[in-house]
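Residues per chain, in single letters:
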Amino acid sequence: MTQPTVHEAPVPAPPGAGARRPGGASPSPRPPGLLRRALRFVTPGPSADAGGAALHRRWWLPWLWMTPALVGATVFGVFPFLNTVVVSFTDAKPLGGAYNLVGLDNYRRMLGDPDFWLATRNSLLYALFVVPLMVLLPLLLAILVEKNLPGIGFFRSAFYTPVLASSVVVGLSWQWLLSDQGLVNTWLQQAHLIREAIPFLSDSWLILLSAMGLTLWKGLGWYMIFYLAALGNVPKELHEAAAVDGAGAVRRFWHITVPGVRQSMMLVGTLTGIGSLRVFTEIYMLGGSTGGPGGADRTLPFYIRDVGLDPLTGNAGYGAAVSVALFALTLGLTLLAQRLTKEDEA
């Protein structure tokens, strides 16, 4: 039996699609101009399978929103860095004026300068002492204040308060506490624990250790917030299961908490290391404008200020060379931290 043939209805053509020019010729699309073809080649538009707003988005719209940030980064970041590199090959003065190209003389002077190596040693010691403690202590503090106990908000605010205070105000407070007639020495003497005042602000090593303590005290609350956010992502079920299996608090800390916040620990270590190499205010407030007795506690930023920014004896070219060395040291530390992070993820 023959089945009837089903005829599909023709799909109507869009308006104007079948229009012909006078004379029967089909209209040909207008070729794009040379400028438009070049822009399409450099910045192609959305792909054929794009949908939604992407079909109507102009290629220059993301760049328009990024322009303020790019201009700010160029003016205040890229240009000063390139200018510092260029100045490091000159004998420019802090107040400007004529200068001459000296090639690598500033770098040769830097490598043979014992004051530069002393400042480098202080900066590295600062980082080696502060970074491990700043990675571990805020984590322990975050574990203490993580639980929702009555009044725990007060302690969180109290631990975070030093972060809000100015570095100068905190430095003045510590200067008052650690002076020979300060609260610490007075209390120790009244408790008959010491006979003479401890020279916190006159001994070079004690100044450096006191500045490290100031950095730790001021940064604990800030990095505590980092760890509080990371601890919220550690599954509570793991701690409960480990506790059921008989694991104590210490084992749960090392085998559950630490692996769960390892990425945050790497981030805190990197930020703290960079900040330790750039420390200036703590040394200035506790050691004075000379950076301790005879400049023995000067860090690299402190040394850059002394040799490069002094209006009478400063050499901006040499200071720029030391700044480039500080940048290289900071970059090396950052790359090392990234490498350790990648190895940990692998």
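Our subject is the structure listed above.
Quantities reported herein were computed from a predicted structural model and do not represent experimental measurements. Starting afresh in each chain, residues are numbered from 1 along the sequence in its written order. Totals for whole chains, interfaces and linings use all residues, but because this is a predicted model, local features are given only for residues with pLDDT of at least 70 and pairs of side-chain atoms are given and counted only at 80 or more. Derived side-chain values reflect all non-hydrogen atoms in the structure, with water molecules and hydrogen atoms excluded from consideration.

**Q** Explanation requested: the overall build of the protein chain in the structure shown.
**A** Within the protein chain, the regular secondary structure consists of 14 helices and 0 strands. Secondary structure elements in the protein chain, listed N-terminal to C-terminal, are α-α-α-α-α-α-α-α-α-α-α-α-α-α. For every residue, the accessible area obtained with a 1.4 Å probe (protein chains only) is divided by the maximum for its type, and the residue is called buried under 20%, exposed over 50%, and partly exposed between those limits. The 346 residues of the protein chain split such that 30% are buried. Contacts: residue pairs with any heavy atoms within 4.5 Å of one another. For the protein chain, the share of sequence-separated contacts (at least 6 apart) that also reach a separation of at least 24 residues comes to 65%. With residues, only the protein chains shown are counted as cover, and all accessible areas are computed by Shrake-Rupley using a 1.4 Å probe. Of the roughly 22600 Å² of accessible surface on the protein chain, a fraction of 66% belongs to carbon and sulfur atoms. Secondary structure elements are taken from DSSP: a helix is a run of H or I of four residues or more, a strand is a run of E of two residues or more, and numbering for both begins at the N terminus.

**Q** Quick question: what am I supposed to make of the packing of helix H4 (residues 114–146) against helix H8 (residues 204–231) here?
**A** The description of two packed helices rests on the angle between their axes and on the distance between the axes. Lines fitted to C-alpha atoms define the axes here, with helix axes fitted over just the stretch in contact, and angles between the N-to-C directions of these axes take values from 0 to 180 degrees. Relative orientation of the contacting elements H4 and H8 amounts to 40 degrees, with a least axis distance of 6 Å. One element, H4, and the other, H8, form an angle in the oblique class. In terms of crossing hand, the pair formed by H4 and H8 is right-handed. A class-by-class count of the residues in the contact of H4 with H8 yields 25 nonpolar, 3 polar and 2 charged. Oblique is the label for any angle not covered by the other classes, which are roughly parallel (under 35 degrees), roughly antiparallel (over 145) and roughly perpendicular (65 to 115). Working rule for handedness: look at the near helix, and if it is turned counterclockwise from the far one by less than a right angle, call the crossing left-handed; if clockwise, right-handed. When residue character is reported, Ala, Val, Leu, Ile, Met, Phe, Trp, Tyr, Cys and Pro are called nonpolar, Asp, Glu, Lys and Arg charged, and the others, Gly included, polar.

**Q** What is the right way to read the side chain of serine 88 from this model?
**A** Mapped onto the fold, serine 88 is located in the loop between helix H2 (61–87) and helix H3 (105–111). Since its relative accessible area comes to 0%, serine 88 is described here as buried. Here valine 85 takes part through its backbone oxygen, which lies 2.5 Å from a polar atom of the side chain of serine 88. Beyond its immediate chain neighbours, meaning those up to four positions away, serine 88 contacts Gly103, Asn106, Tyr107, Gly317, Ala320, Ala321 and Val324. As used in this structure description, the phrase polar contact means that two N or O atoms lie within 3.5 Å; if the pair is within protein, one of them must be able to donate a hydrogen and the other to accept it, and residues adjacent in sequence are counted only when both atoms belong to side chains.

**Q** Hey, could you run me through the pattern of salt bridges in this one?
**A** A side chain with one charge may pair with a side chain of the opposite charge, provided their charged atoms come close. Any carboxyl oxygen of Asp or Glu within 4 Å of a side-chain nitrogen of Lys or Arg constitutes a salt bridge here. Inspection of the entire model under this criterion finds 5 salt bridges. A salt bridge links aspartate 115 to arginine 298; the nearest nitrogen and oxygen atoms lie 3.9 Å apart. Taken together, the residues span a long stretch of sequence, with aspartate 115 in helix H4 and arginine 298 in the loop between helix H12 (281–287) and helix H13 (300–308) at a distance of 183 residues. Aspartate 115 gets classed as partly exposed once you look at its relative accessible area, which sits at 36%. Because the salt bridges share partners, they merge into one network encompassing Asp115, Arg298, Arg305 and Asp306.

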